[in-house]
Amino acid sequence: MRTPDIARAAAGRRRRDELARLASAHEPAGGGAARLSLTPVNLVLAAFALSGCAAVGPNFERPAAIVSPQFKEIKGWKIATPRESEPKGEWWSVFRDPELDQLMPDVVVSNQTVKADEANYRQALALINEARAGLFPTVEGNGSATRSSETGTELTAEASGMWTLDIWGQVRREVEAQQAGAQVSAATLANATLSEQSLLAQAYVTLREADSLEDLLEKTVVEYKHSLSITQNQYNAGTAAKSDVITAETQVLNAQAQLIAAGVSRAQSEHAIAVLMGRPPADLSISRGSLATRVPAVPVGLPSSLLERRPDVAAAEETMREANAEIGVAFAGYFPAVSLNGLVGYSGNPFAAAFGPTNPVWSFGASVAQPLFNGGLTTAQVEAARQTYQADVATYRQTVLTAIQQVEDALAGIRIYSREVKVQAENVRISRQATQITLNEYEAGTQAFTAVVVAEAQQLSAEEALLTTQALVQTDAVDLVVALGGGWTQTKLPDVAAQTSDIPPH
């Protein structure tokens, strides 16, 4: 017998001993068989004794997740250590961008996706109270007044109640399931908040990439105009063909067109940021800036730490807990339902002198309902609940694996793209030198203008590629911080039991 089964059996024996004690306390004088007198007090005492029995069904234990001892891509990554100079506060502060620091807080306050998940969490708290109501009796009051020629005025006032005892813990398992469901909603809310913040940070990177691209193209237009001026002078001096001038003018116009097109990406990124902040796009204008090139130092830790640091992993775990409790709810269907009912009141003529305590109306009783045959319905329900739990276990493990993959992807991206940035930066430096040398040779009449066009095109392509890779590094840095949980821990899940225990049942 498993340890939980032994504990439940011991609890059952204690409850039977309690019932025997109650029965012996009311044994008739003169001996004879002991029997429990069916008085209201004894019924209530027996109800409390029985309702404290251990709940049927398995108790939840978190299954083992599939994790590796360390991250594969951690090699070469500089592990961050706590320092006084490191920024404190929310996760985006590691990027040291004052503009980003001002934009982010509005996501929690005004983002409508977050608001919807917050409402879902409040609804889950209400469902806990709805389940808790099953632990208490329901009481109804009824009153009537009639007047007839035979009896005169007849006044009736009654209070009736019914209480289905939670002997097998079915209601307690339902409460447990709803509490786990509320924790799922709380973790989902945290995950939605982190996701929306991540989207804002990525849109901000795209916006700054567009700003830097506009700066690059503005500088390129100036350089191309300088080349056009040289070509025009050469043509005026009779040392260059008209086609060189036309080619130089075409370069300027192409660069100007690219500059205009870059505004689309910036405008759309700004619009996305506004909506993520819960504002219409017309209410937000972000001043121009440049793309950051510094990669923040982020403490990565071990893969196993993701079990406590990711809100989506916490949501998957609480989903398992909820499904596990539902097994107990279904298993309780094998056992009888025990109910108490009663009625107290007065009935009579309120104008009669004898009306009062001499006109009581009362009744008390108990009932037992045991399913004898339902075509295997209960067995099917228990099996369905168990398989739902197994599916949630697989989903939990897959969520953990996906979390590890996301961290690995971000680490690999930062490491590889950072190496690419170094190569591309050197390519930009050499391309600029080549363009200047070719332009000087053209002025000296030793090089055709076609070589200048090729050199300038290669330089612009190299500078655009460098900017794109720098943006990819920043995007992966955002992804890494978010994949590690964004500073969230499972200890931030609210105590749903404390938030609902102070609400009295109605």
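Residues numbered from 1 in each chain as written. Predicted model: local features only at pLDDT ≥ 70, side-chain atom pairs only at ≥ 80, totals over all residues. Heavy atoms only, no water.

### Here's the deal with the overall build of the protein chain
- Counting secondary structure elements, the protein chain contains 12 helices and four strands.
- In the protein chain, buried positions account for 40% of the 506 residues.
- The long-range share in the protein chain, meaning contacts at least 24 apart out of those at least 6 apart in sequence, stands at 82%.
- On the protein chain, roughly 26900 Å² of surface is accessible, and the fraction owed to carbon and sulfur atoms is 58%. (Helix = DSSP H or I, 4+ residues; strand = E, 2+ residues; numbered from the N terminus. Buried < 20%, exposed > 50% of the residue type's maximum accessible area, 1.4 Å probe, protein only. Contact = heavy atoms within 4.5 Å. Areas by Shrake-Rupley, 256 points an atom, 1.4 Å probe, with all protein chains shown as cover.)

### Details of the sheet that holds strand β2 (residues 152-164)
- Taken together, four strands build an open sheet; the order of strands is β1-β2-β3-β4 and the sheet is antiparallel. Among the strands making up the open sheet, the edge pair consists of β1 (138-148) and β4 (360-369). This sheet shows a mean twist of 15° between the axes of neighbouring strands, independent of strand direction.
- For strand β3 (residues 337-348) and β4, the ladder comprises 10 bridges, and the chain directions are antiparallel. Its bridge partner lying in β4, Asn341 is registered against Gly365. (Pairing = 2+ DSSP bridges. Axes fitted to C-alpha atoms, helices over the stretch in contact; angles between N-to-C directions.)

### Quick word on the packing of aromatic side chains
- This model, assessed by the stated rule, comprises six aromatic pairs.
- An angle of 40° between the planes, with centres 5.8 Å apart, marks the rings of Trp362 and Phe364 as tilted.
- What makes Trp362 exposed here is its relative accessible area of 58%.
- Here Phe364 falls in the partly exposed class, since its relative accessible area comes to 38%.
- Joined through ring pairs, the aromatic side chains of Trp168, Phe331, Tyr334 and Phe335 make up one cluster. (Phe/Tyr/Trp six-rings, centres within 6.5 Å; stacked < 30°, edge-to-face > 60°.)

### So, the pattern of salt bridges
- One pass over the full model with this rule turns up 18 salt bridges.
- Between Arg62 and Glu317 there is a salt bridge whose closest N-O contact spans 3.1 Å. In this pair, Arg62 sits in the loop between α2 (40-51) and α3 (98-103) while Glu317 sits in helix α9 (residues 311-331), placing the two residues 255 residues apart along the sequence.
- Judged by its relative accessible area of 36%, Arg62 falls in the partly exposed class.
- Glu317 sits in the buried class, given a relative accessible area of 6%.
- One salt bridge in this structure joins Arg173 and Glu176, with 2.7 Å as the shortest N-O distance. Of this pair, Arg173 and Glu176 both sit in helix α6 (residues 170-236), separated by three residues, roughly a single helical turn.
- Connected via shared salt-bridge partners are Arg62, Glu308, Glu317, Glu318 and Arg321. (Salt bridge = Lys/Arg side-chain N within 4 Å of Asp/Glu carboxyl O.)

### Considering the environment of Ala477
- Tracing the backbone shows Ala477 in helix α11 (residues 449-483).
- Put simply, Ala477 and Val295 are 182 residues apart on the chain and 6.7 Å apart in space, counted from C-alpha to C-alpha.

### Some remarks on the pairing of β2
- Sheet topology note: the β1/β2 ladder contains 11 bridges and is antiparallel. Bridging across to β2, Val139 finds its partner in Gly161.
- Taken together, the 10 bridges between β2 and β3 define a ladder with antiparallel strand orientation. Along β3, the bridge assignment pairs Trp163 with Leu340.

### A word on the nonpolar core
- Core analysis: the largest hydrophobic core is formed by 58 residues, its most contacted members being Phe71, Trp91, Leu103, Leu200, Ile273, Val407 and Leu480.
- For this core, the secondary-structure elements that each account for two or more residues are α3, α6, α7 (242-276), α8 (306-309), α9, α10 (377-443) and α11.
- If you tally residues by element for this core, the top one is α10, at 12 residues.
- Counting 18 residues, the second largest nonpolar core, distinct from the first, contains Val221, Tyr224, Ala262 and Tyr442. (Core = buried A, V, L, I, M, F, W, Y, C linked by side-chain atoms within 4.5 Å.)

### Quick look at unusual backbone geometry
- Although it is not a glycine, Arg96 sits at a positive phi angle of roughly 50°.
- Structurally, Arg96 is set in the loop between α2 and α3.

### So, the side chain of Asp392
- On the secondary structure map, Asp392 appears in helix α10.
- Of the side chains with opposite charge, Arg321 comes closest to the buried, unpaired Asp392, at an N-O distance of 12 Å.
- For Asp392, the contacting residues outside a window of four places in its chain are Thr319, Met320 and Ala323. (Lys, Arg positive; Asp, Glu negative; His and termini not counted.)

### Points about a nonpolar patch on the surface
- Together, Val344, Trp362 and Phe364 give the surface a local cluster of nonpolar side chains, amounting to about 330 Å² of exposed area.
- Looking at the secondary structure, you find Val344 in strand β3.
- Judged by relative accessible area, Val344 falls into the partly exposed class, the value being 42%. (Patch = residues over 30% accessible without salt bridge, like charges linked within 9 Å, V, L, I, M, F, W, Y side chains within 5 Å.)

### Topic: the packing of α6 against α9
- Where α6 meets α9, the closest approach of the two axes is 8 Å, and the angle between their N-to-C directions is 165°. Classified by the angle their axes make, α6 and α9 are roughly antiparallel. Two packed elements cross with a definite hand, and for α6 against α9 that hand is left-handed. (Parallel < 35°, antiparallel > 145°, perpendicular 65-115°, else oblique. Left-handed = near helix turned anticlockwise from the far one by under 90°.)

### Some thoughts on helix α5 (residues 112-132)
- Look at α5: 31 Å from first C-alpha to last across 21 residues, which is about the 30 Å you get at 1.5 Å a residue.
- Listed in full, the buried residues belonging to α5 are Val114, Asp117, Tyr121, Ala124, Leu125, Ile128, Asn129, Ala131 and Arg132. (Expected span 1.5 Å × (residues − 1).)

### Description of the side chain of Gln459
- Structurally, the position occupied by Gln459 is in helix α11.
- Of the residues examined, Gln459 reaches a relative accessible area of 6% and is grouped as buried.
- If we ignore the near neighbours within four places in the chain, the residues touching Gln459 are Glu223, Ser431, Arg432 and Thr435.

### Brief notes about the confidence of the model for the protein chain
- Scored by pLDDT, the protein chain has a mean of 86; 83% of the residues are at 70 or more.
- Confidence drops under a pLDDT of 50 for residues 1-38, and excluding neighbours within four residues, the segment shows 29 contacts in the predicted structure.
- Scored below 50 in pLDDT, residues 79-88 makes 12 contacts in the model with residues more than four places away or belonging to other chains. (pLDDT = per-residue confidence, 0-100.)

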